Amino acid sequence: MLRKDVNDLLTRTGPDTAMGDLFRQYWMPALLAEELPENDCPPVRVKLMSERLVAFRDSEGRYGLIDEFCAHRGVSLWFGRNEEGGLRCPYHGWKYDYTGQCIEVPSEPEESGFCSKIKLKNYPLIKVGDILWTHMGDPENRPPKPEWEFATVPPEQTFTSKRWQECNWLQAMEGGIDSSHVSWLHSGALVSDPLFKGARGNKYNQGDKRPFFEVVEADGGLFIGARRNAEDGKYYWRITPWVMPSFTMIPPRGDHPVHGHFWVPIDDENCWAWSFDYHPVRALSRDERKAMQDGYGVHVKYTPGSYRPLANKDNDYLMDRAAQRRGETYSGVEGIAMQDASLQESMGPIVDRTKENLVSTDNGIIMARHRLRKAVVALRDKGETPPGVDPAHHKVRSASVVLPPDQAFVDACKEDLTVRPGVKQSSV
Ligand code: FES
Ligand SMILES: [Fe+2]
């Protein structure tokens, strides 16, 4: 369990909060590149860490991420006209460029220079892979570009989606480092999901529902090893890297593409679950890409015209008790992503961690909270740059391996847990 003040410390990410300052050290996913597909396309509302912003792409293809509200009298610039090198407020015509600088106030004489004194808050927006990333912290302290493998392999090897999740980022992220629920909640999907089924490792997942956890510190966060029994006294290890603050990778299965997540706070009661799938050495097949687009694996089907899942809390996640009885799904909810999200949302917008009762399979979660807390305090009190900011920390992989009983995963898998260009993932 956590004391209330620690729970508040880790879950609040608005401006002027300690965890908010921590998140603002990193390049974080802000939009899918497909949301701003061409120059002068419609602007997009973006809410991140409780700040309301608007993103647009100007006539020269420059990306802007600026305060959502016009400096004149506060109209939302989502209504803005994106034309001729800037975003023009439709109320009285004030116009802003991609840096948030006001470049026209039509009612004032040009020689007054009035507009040069008006500038909206702005953050950078850069494209790496399928994602537009932003850094909302001090520009003097801006880290080099992100180097996550999924975002830097050739485009035909990778796929990214995002979905709105209606709960705090931390309880969503904690689901990503909790390998023990897989044998229960996702047991149906291990048999049926086209992006999961058929791997040899699945039978170890299904055969041993009492994993032993071993967690070791890494430069950027943790490696969380879950050990299950394999044949001949050997062990099946699933190793999940967690890089601060909210990046995780799911251990691979067979030759399936490798999946993972980023959880990015929208505000304290909502987050974006970014979900990626990539193969380090080959293009995704047509069937794989189609399955991802159709919402299999870690992806979802959407409510048309939005990034809200089709199964959501307003329709009880399309709960199907008959499918549950037939053994097709363990919880009655279809799809791995919504199996996770439905339960995490059911905990309430911010789960009360003073009431939980943790057990040994929660060791990864306990250590991640500890690491986060340590980093938040070190940043607040001493200005220390947290783990995960350095792009060298991005070069991690998940792995699933079978090891003899006397081998520690951290020694045996050093290379498997590091990005090796041109070498495929270690997976059974
Ligand atoms: S409110 Fe935007 S121009 Fe007046
Ligand atoms: Fe899950």
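Placed above this text is the structure.
Below or above, wherever it landed, is the structure these notes cover. Computed from a predicted model, the values in this text were never measured in an experiment.

1. As for helix H1 (residues 4-11)
Then comes step 1: All of the buried residues in H1 are Val 6, Asn 7, Leu 10 and Thr 11. Summarising the axial view, the buried residues of H1 lie within an arc of 120°, below the 170-degree limit, and thus occupy one face.
Then comes step 2: Each element contacted by the buried residues of H1 is listed here: helix H2 (18-23), helix H4 (169-176) and helix H11 (363-382).

2. Brief notes about the coordination of the iron ion (ligand 2)
Then comes step 1: The coordination sphere of the iron ion (ligand 2) contains the protein donors His 181 (NE2), His 186 (NE2), Asp 340 (OD) and Asp 340 (OD), at a distance range of 2.1 to 2.3 Å.
Then comes step 2: Coordination at the iron ion (ligand 2) is irregular, judged from the four donor atoms that bind it and the angles of 58 to 146° they form at the metal.
Then comes step 3: In the primary structure, the donors to the iron ion (ligand 2) are separated according to the pattern H-x4-H-x153-D. Pair noted here: His 186 is in the loop between helix H5 (182-185) and helix H6 (187-192) and Asp 340 is in helix H10 (residues 336-346), with a separation of 154 residues, a long-range link. Taken individually, His 186 and Asp 340 each receive the classification buried, so the pair is uniform in this respect.

3. Digging into helix H8 (residues 286-293)
Then comes step 1: Looking only at H8, the buried set comprises Glu 288, Ala 291 and Met 292. Buried positions in H8, seen along its axis, are confined to an arc of 100° and lie on one side of it. More than 90 degrees from the buried face of H8, the exposed residues found are Arg 286, Asp 287 and Gln 293.
Then comes step 2: Along its buried surface, H8 packs onto strand E12 (158-165) and strand E18 (270-278).
Then comes step 3: At the exit of H8 stands Gly 295, carrying a positive phi of roughly 95°.

4. A few points about empty space enclosed by the protein
Then comes step 1: Going through the model one piece at a time under the given rule, you end up with three cavities of 30 Å³ or more.
Then comes step 2: Of the volumes computed, that of the largest cavity is approximately 260 Å³.
Then comes step 3: As for the largest cavity, its lining consists of 22 residues, and the residues nearest its centre are Gly 175, His 181, Val 182, Ile 250 and Asp 340.
Then comes step 4: At the level of elements, H4, strand E15 (235-243), strand E17 (258-267) and H10 are the ones that each hand at least two residues to the lining of the largest cavity.
Then comes step 5: Among the residues making up the lining of the largest cavity, the classes are represented as eight nonpolar, nine polar and five charged.
Then comes step 6: As a volume, the second largest cavity reaches approximately 60 Å³.
Then comes step 7: For the second largest cavity, the full set of lining residues is Tyr 26, Trp 27, Met 28, Pro 143, Pro 146, Trp 148, Met 244, Pro 245, Phe 262, Gly 388, Val 389 and His 394.
Then comes step 8: Of the residues in the lining of the second largest cavity, the class split is 10 nonpolar, two polar and no charged.

5. Points about the layout of surface pockets
Then comes step 1: Empty space within the largest pocket amounts to approximately 490 Å³.
Then comes step 2: For the largest pocket, the lining is made up of 26 residues, of which Lys 301, Val 333, Glu 334, Gly 335 and Ile 336 are closest to its centre.
Then comes step 3: Counting only elements with at least two residues in the lining of the largest pocket, the list comes to H6 and H10.
Then comes step 4: Here the element with the most residues in the lining of the largest pocket is H10; it accounts for four residues.
Then comes step 5: Of the residues that constitute the lining of the largest pocket, the class distribution is 12 nonpolar, eight polar and six charged.

6. Side note on the sheet that holds strand E3 (residues 51-57)
Then comes step 1: Strand order across the open sheet formed by four strands is E2-E3-E4-E9, with antiparallel pairing between neighbours. Of all strands in the sheet, those with a lone pairing partner are strand E2 (44-48) and strand E9 (122-123), marking the two edges.
Then comes step 2: Here two bridges tie strand E4 (residues 63-67) to E9, and the two strands are oriented antiparallel to one another. Opposite Ile 66, over in E9, you have Asn 122 as the bridge partner.

About the thresholds
- Residues numbered from 1 in each chain as written.
- Chains lettered and ligands numbered in written order.
- Predicted model: local features only at pLDDT ≥ 70, side-chain atom pairs only at ≥ 80, totals over all residues.
- Heavy atoms only, no water.
- Buried < 20%, exposed > 50% of the residue type's maximum accessible area, 1.4 Å probe, protein only.
- Helix = DSSP H or I, 4+ residues; strand = E, 2+ residues; numbered from the N terminus.
- Arc of directions from axis to C-beta.
- Contact = heavy atoms within 4.5 Å.
- Donors = N, O, S within 2.8 Å, 3.2 Å for Na, K, Ca; no water.
- Tetrahedral: all angles 85-135°; square planar, octahedral: opposite > 155°, others 65-115°.
- 1 Å grid on protein atoms, 1.4 Å probe; cavity = no way out; pocket = protein on both sides within 12 Å on 5 of 7 lines; lining within 4 Å.
- Points joined across faces, edges and corners; volume = space filled by probe spheres on them.
- Nonpolar A, V, L, I, M, F, W, Y, C, P; charged D, E, K, R; others polar.
- Pairing = 2+ DSSP bridges.

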